Structure formats: C-alpha cells, structure tokens
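For reference, the chains in residue letters:
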Amino acid sequence: MKRKIYLDNAATTSVDKDVTEAMLPYFSGTFGNPNSLHFFGREAAKAVTAARDNIAAMLGCKPTEIYFTSGGTEADNWAIKGIYNANKDKGNHIITSKIEHKAVIASCKRLEKDGAKITYLDVDKYGIVDLEQLKKSITEGTLLVSVMTANNEVGSLQPIKEIAQICAERKVLFHTDAVQAIGTVDINVKRDNIDMLSLSAHKFYGPKGIGALYIKNGIKNDRYISGGSQERGMRGGTTNVPLIVGMNVAMEKAIRDMDINNKKLSYLRDMLIKRIESEIPDAFLNGHRERRLANNANFSFKYIEGESLILMLDMQGIAVSSGSACTSGSLESSHVLSAMNVPAEITQSATRFSFGKDSNEQDIDYIIENLKNNVTTLRAMSPLFAQQKGEPINV
Ligand code: PLP
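Note that the structure is predicted; figures quoted are calculated from it, not measured.

Colleague: Looking at this structure, I do not really get the pairing of strand 7 (residues 196-200). What am I missing?
Modeller: Taken residue by residue, a regular strand's side chains alternate between the two faces of the sheet. With five of its five residues buried, strand 7 lies for the most part within the structure. Burial of strand 7 is two-sided: the residues Met196, Ser198 and Ser200 facing one way and the residues Leu197 and Leu199 facing the other way are all buried. The sheet contact formed by strand 6 (residues 173-177) and strand 7 spans three bridges and is parallel. By the bridge assignment, His175 is partnered in strand 7 with Met196. Two elements, strand 7 and strand 8 (residues 211-215), share five bridges in a ladder whose sense is antiparallel. Looking across to strand 8, one finds that Ser198 is bridged to Leu213.

In structure tokens:
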C-alpha cells in the first residue's frame, strides 16, 4: 500500500480521538438547544458554559469575553468590521499588516469601500512587522491595530507583546489573529495586553466550523449576526453544542501538551530544514530561522514551479501545500512572500511543510528521497535551469 504522509497541518488537522468521543453524546443523547428552559436545554447549556469557562481560563480572560463563532474567518471579520462599524464616530483608521490572512485583508479591503483608511504595515525579509512604522502610523483617528500572532504561510512569529504595548500606550485597540498560534505559542490575553483575539478549532485537532473571538469587556463592538439572543445578543444563531464541546477538549489537550509537542515538532522541522539545505542545491528557506512556528518549514526550490512539485509529491503520498492552503488552487502568487520581497523567480516554487502530532523521523527520509528526485526531474525540464547551465533551450 502507498505510504501516506500528511504535512499540511497548517491547513487543517485531524480531529483527535478524545475530541470525537467528547462530542458524540451532544449529537444525539444531549441534543437540546441550550436556549431552551427544559431539561434537554439545560444539559446542553451546562456543557457550553463549562466549555466557555475553561476556554476563557486557558486564554486568561473572563467567560463573558468569549464569543463562539463559525471559525477563524468569522472571528477576524467580526473583529475588524465590528470595531469599525461600532466606532465610526471616533475615527476611520485601521492598521494591519501586508501578511495577514485573507480573512483580515479582505475585511479591511471591504471597509475601504465604506470610507475606512487602512494602513498595511510592511514586513522585513523574514516576514516580521516593522514596529517603527507601526508607531509612526498611529494617528488620532486610529481605531484598531490587527496583527497576526503567527503567519500561516511562512510561520513567522510577530512581536505581539511589543505591538500590544505600543497600542496600550497610544490607547488604540489591538486584535490578533491567533489561529495558527493556539497550542504552539504561549498566549495569555490579560498578561499580553490583547484586546481581541481570533481562534479556530480545526488548527489544533478540533472540529472544523467552530472558533471564537475574545473581546475584552468594555470594548464597543457591533452585534455581528442579527438574530436570537445567543452569545449575549452579539451573534445570533443556535449554539453549536457538539463543536464547542470538541473545541474545548482539543484546546485543553493542545495547551497541556504544548511544550512537549513543540519540542518534537521543532526537532522535525529543523531536521527537514537541515537536510533540504544540505542535500538539495538552490533551495531557500522562506521566513525566519528561529522566529517561526515549531511545525512550519517553507522552502522555495529555484528553477521549478511549485504546483508541479506538489502534484508529484501527492502522487508519492506526501501532502504539502503551496504558499497557503487558502490560495492554492487559485494559482495566485503569495501576498506574504511578495511583502517579504522574495524574488519573483523563487516565489512560485514556495512549498509549505507543516508537521503534526503524527509526524516522525522516517517521514523525513521518505520526503527527502522524493523531493530530491522530483526537483532533479523538474529542473531537467526547466528552460531556466538549462539557461543558467549554459545549455541550449529546447522548445
Ligand atoms: N487566520 C489564519 C492565520 C489562518 O491560517 C486561517 C485558516 O487557514 C484562518 C484565519 C481562517 O480560519 P477558518 O478556517 O477557521 O475560517
């Protein structure tokens, strides 16, 4: 049977066995609507309350500051659009970065149509935001700064504590998209001065379609989905009890095992980086060598085209992504790599390897063997490669 290696954990993770087990009773036996007054409703409400309390404790906030959403995209949309719509009287300026997830960038672009002024901060060649530019960009009319904790393509870790400090001093709200960071980065919203935070369960072995937005009490944000009184009247829609229960169990395990998992993941990541750099010529690591997520390695292989490499790896049973999973399929070049000024000729071959809890050292041997062969095969077909070797180009 063909070997199967999943190295796309930044796109999504498998659902943990304990998470599935914890969710099951809430699909059938305890299926009530937590808004109902009767026994069935009360049992479901008890589970939601327990999950909310625990998730809040893990983030370092109060349960009343947690709003369940359908995932990271909704949480990001709510954070950005909600603050703008609720605080138009105070200003119209939002600061974000050029490497944010599309959920943030597209929300900002949408608000530009409504008259918002958006500053997109530059990043350095490692994909890390420029704090001096941030300080200079804050004006009287700045409502919000939104910078992600960790980037989904190149894994770069942003200086969020410093950003939060700058925002607190200038009395500007700070939101961070921590979708890639929960379970890998130690976050405490109170300690770290974070006003709003987005998270999504399917990135830490929870189910897809559930996430949360933390909104610090006292912040004026807009009701996001009109409807019933759910989520303290801020987001209507029947509460997704099983998925909330699952998210809580997944988050608890991810945070409990964070140090041990990070140790293993960074060991595998560094081994892959070392072997690619020593065994494959003209391979370039994208992002920072140390300031990156424990499970992320993103490489460009000069003279080849990323999609072809990914398809070849797929046929060999290795699942990886080009750039980010959200843009693969569209063949759009990565806005993250272009913000990092990665030369265009290597941007197109960027390949993201993201390890997970089932990854092991034997996977790396198999990946390296196939990568080496594939890169050699693709380069043999590449006119650019022939050109740099001084060979005639066959067309
Ligand atoms: N933000 C980041 C950094 C992400 O990586 C993703 C998913 O890839 C999202 C937001 C969107 O999250 P969701 O898939 O839960 O909508």
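We are not done yet, so read on.
Colleague: Can you walk me through the sheet that holds strand 8 in this structure?
Modeller: Strand pairing within a sheet occurs via backbone hydrogen bonds; the two strands may be parallel or antiparallel. One open sheet holds the seven strands; their spatial order is 2-8-7-6-5-3-4, and the pairing between them is mixed. Edge positions in the sheet fall to strand 2 (66-69) and strand 4 (117-121), since each of these pairs with one other strand and no more. Each strand axis lies, on average, 20 degrees off the axis of its neighbour in the sheet, ignoring direction. Strand direction decides the pairing type here: strand 5 (residues 142-146) and strand 6, joined by three bridges, are parallel. Residue pairing in the sheet places Val145 in a bridge with Phe174 of strand 6. This element, helix 3 (residues 72-86), spans strand 2, strand 3 (93-97), strand 5, strand 6, strand 7 and strand 8 of the sheet and lies at about 160 degrees to strand 7. On the sheet, helix 4 (residues 102-113) packs against strand 3, strand 4, strand 5 and strand 6 and is oriented at approximately 150 degrees with respect to strand 4.

Colleague: Looking at this model, I keep getting lost on the domain arrangement of the protein chain. Mind explaining?
Modeller: One frequent convention defines the size of an interface as the accessible area lost when the parts assemble. By domain assignment, the protein chain separates into domain 1 (5-13 + 258-385) and domain 2 (17-256). Between domain 1 and domain 2, the C-alpha centre-to-centre distance is 28 Å. With 30 residues of domain 1 at the interface, the matching set in domain 2 holds 35 residues. Where domain 1 meets domain 2, there are zero salt bridges. Along the contact surface separating domain 1 from domain 2 lie 19 residue pairs in polar contact (both at pLDDT 80 or more). Among the elements of the structure, helix 8 (258-279), strand 10 (296-301) and helix 10 (335-339) are those that each provide at least two residues to the side of domain 1 that touches domain 2. Among the residues making up the side of domain 1 that touches domain 2, the classes are represented as 10 nonpolar, 15 polar and five charged.

About the criteria used
Residues numbered from 1 in each chain as written. Predicted model: local features only at pLDDT ≥ 70, side-chain atom pairs only at ≥ 80, totals over all residues. Heavy atoms only, no water. Buried < 20%, exposed > 50% of the residue type's maximum accessible area, 1.4 Å probe, protein only. Helix = DSSP H or I, 4+ residues; strand = E, 2+ residues; numbered from the N terminus. Pairing = 2+ DSSP bridges. Axes fitted to C-alpha atoms, helices over the stretch in contact; angles between N-to-C directions. Contact = heavy atoms within 4.5 Å. Domains from an automatic or database assignment. Salt bridge = Lys/Arg side-chain N within 4 Å of Asp/Glu carboxyl O. Polar contact = N/O pair within 3.5 Å; in protein donor to acceptor, adjacent residues only side chain to side chain. Nonpolar A, V, L, I, M, F, W, Y, C, P; charged D, E, K, R; others polar.

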